[in-house]
Amino acid sequence: MGTISKPVVGIIGTGAIGGFYGLMLARAGFDVHFLLRSEFSAVAERGLHVNSAVHGPLTLNPVQAYASAEDMPPCDWLLVGAKTTSNVGLAPSIIQASKPGAKVLLLQNGLDVEDSLRERLPDSLHLLGGLCLICVHREGPGQIAHQALGAVNVGYHSGPAIDDAERMAIVEEGCTLFRAAGIDSQAMPNLQQARWQKLVWNIPYNGLSVLLGASTTPLMADADSRALIQALMTEVVHGAKACGHDMPPGYAEYLFMMTEKMPDYWPSMHHDFLHKRALELEAIYVRPLSAAKAAGCELPRIEALYRTLGFIDRRNV
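Peer 1: Just checking my understanding: could you explain the packing of helix α6 (residues 191-211) against helix α12 (residues 300-315) for this structure?
Peer 2: Two numbers describe a pair of packed helices, the interaxial angle and the distance between the axes. The contact between α6 and α12 brings their axes to 10 Å, and the two run at 40°. Taken together, the axes of α6 and α12 lie oblique to each other. The handedness of the crossing between α6 and α12 is left-handed. On α12, the residues touching Ile203, Gly207, Leu208, Val210 and Leu211 of α6 are Ile302, Leu305, Thr308, Leu309 and Ile312. Its residues assigned to classes, the contact of α6 with α12 shows eight nonpolar, two polar and no charged.

Peer 1: Hey, could you run me through the pairing of strand β9 (residues 143-158) in this one?
Peer 2: Regular strands have side chains that alternate between both faces of the sheet. The buried count for β9 comes to 12 of 16 residues, which makes it a mostly enclosed element. As defined by bridge partners, strand β3 (residues 48-52) adjoins β9 across four bridges and the pair is classed as parallel. Looking at the pairing, Val50 lines up with Ile144 of β9. Relative to β9, strand β8 (residues 126-140) is paired through 13 bridges, and the arrangement is antiparallel. The residue of β9 that forms the bridge with Arg138 is Ile144. What sits between β8 and β9 in their antiparallel hairpin is a turn of two residues, with Gly142 showing a positive phi close to 70°. Of the strand pairs in this sheet, β9 and strand β10 (residues 185-187) are connected by three bridges, and their pairing is parallel.

Peer 1: Quick question: what am I supposed to make of the packing of α6 against helix α8 (residues 223-242) here?
Peer 2: Put simply, α6 and α8 touch, their axes get as near as 9 Å, and they point 145° apart. Our pair here, α6 against α8, has a crossing hand that is right-handed. Facing Trp196, Leu199, Val200, Ile203, Pro204, Tyr205 and Leu208 of α6, the residues of α8 in contact are Leu228, Ile229, Leu232, Met233, Val236, Val237, Gly239 and Ala240. For the contact of α6 with α8, the class distribution of residues is 14 nonpolar, one polar and no charged.

Peer 1: Looking at this model, I keep getting lost on helix α3 (residues 87-97). Mind explaining?
Peer 2: An α-helix turns once per 3.6 residues; consequently, residues spaced three or four apart project the same way. Among all positions of α3, only Asn87, Leu90, Ala91, Ser93, Ile94 and Ala97 are buried. Residues of α3 that are buried sit in contact with β1 (8-12), β2 (31-35), β6 (75-80), β7 (98-107) and α4 (115-118).

Scoring rules and cut-offs
Residues numbered from 1 in each chain as written. Predicted model: local features only at pLDDT ≥ 70, side-chain atom pairs only at ≥ 80, totals over all residues. Heavy atoms only, no water. Axes fitted to C-alpha atoms, helices over the stretch in contact; angles between N-to-C directions. Helix = DSSP H or I, 4+ residues; strand = E, 2+ residues; numbered from the N terminus. Parallel < 35°, antiparallel > 145°, perpendicular 65-115°, else oblique. Left-handed = near helix turned anticlockwise from the far one by under 90°. Contact = heavy atoms within 4.5 Å. Nonpolar A, V, L, I, M, F, W, Y, C, P; charged D, E, K, R; others polar. Buried < 20%, exposed > 50% of the residue type's maximum accessible area, 1.4 Å probe, protein only. Pairing = 2+ DSSP bridges.

Here's what the structure looks like:
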């Protein structure tokens, strides 16, 4: 990692994702600093709590918590756990809290989520994407429930790294961070393909949880919803291939079987719907549909799911 000292890590957006990974890194001895907005006072007073089915109850108290990026120390790594719907507004906080040459890792779902942020960041910052395979959600201010899984797959998006070797060295550095905290982390040589792989799960389960008002167990227990999930997964794989990204053989089947074995889970989009937050339709549906269409590929079931979610989203304000 170049230096013996542990990197300084900043968390931008301390919700379920940022809170969980930040707490795990802090417990592993990293110097972690958390940027919070609405939950700042609760976390500053009472700490961060993760009720984990995997690791047991975890507490971080005191927390190095900040209400403003101006107050944070310059960080080597910034983990962005905020929703994709807020990406454009995050750039000033990221710039404020980053050391020169810092690595910015977006722990977000969807396609091309890095692009809108990239054009607002200085060229000197490395931008990476992180794909979190985890069942986690907020239960209240500073209170996080972790039900299952936890791996983070990391890929390089853009920045000053001059060649593949340097890009992969930075990706490995990120993976090493997570592994030191007891979290499985794999380097993804092609971030775009990795994001398509994650969509194989996110497109069906996120959308159907909102549309049908159902969590994973009932969705997997009914013949009609099972058939619909499999048809949507097949379309995602089809779209990915049209865009030049081959999936590992049997990948959709693997995710389907994995979900059958998972504890009952409400996907993040359902939590957003419940709390009347904007749904992440642009990142998870619009961009994959546009990319496939540009490659001459129609995805009619995904298109129909997106149109119904758009209607629901607009009425949910």
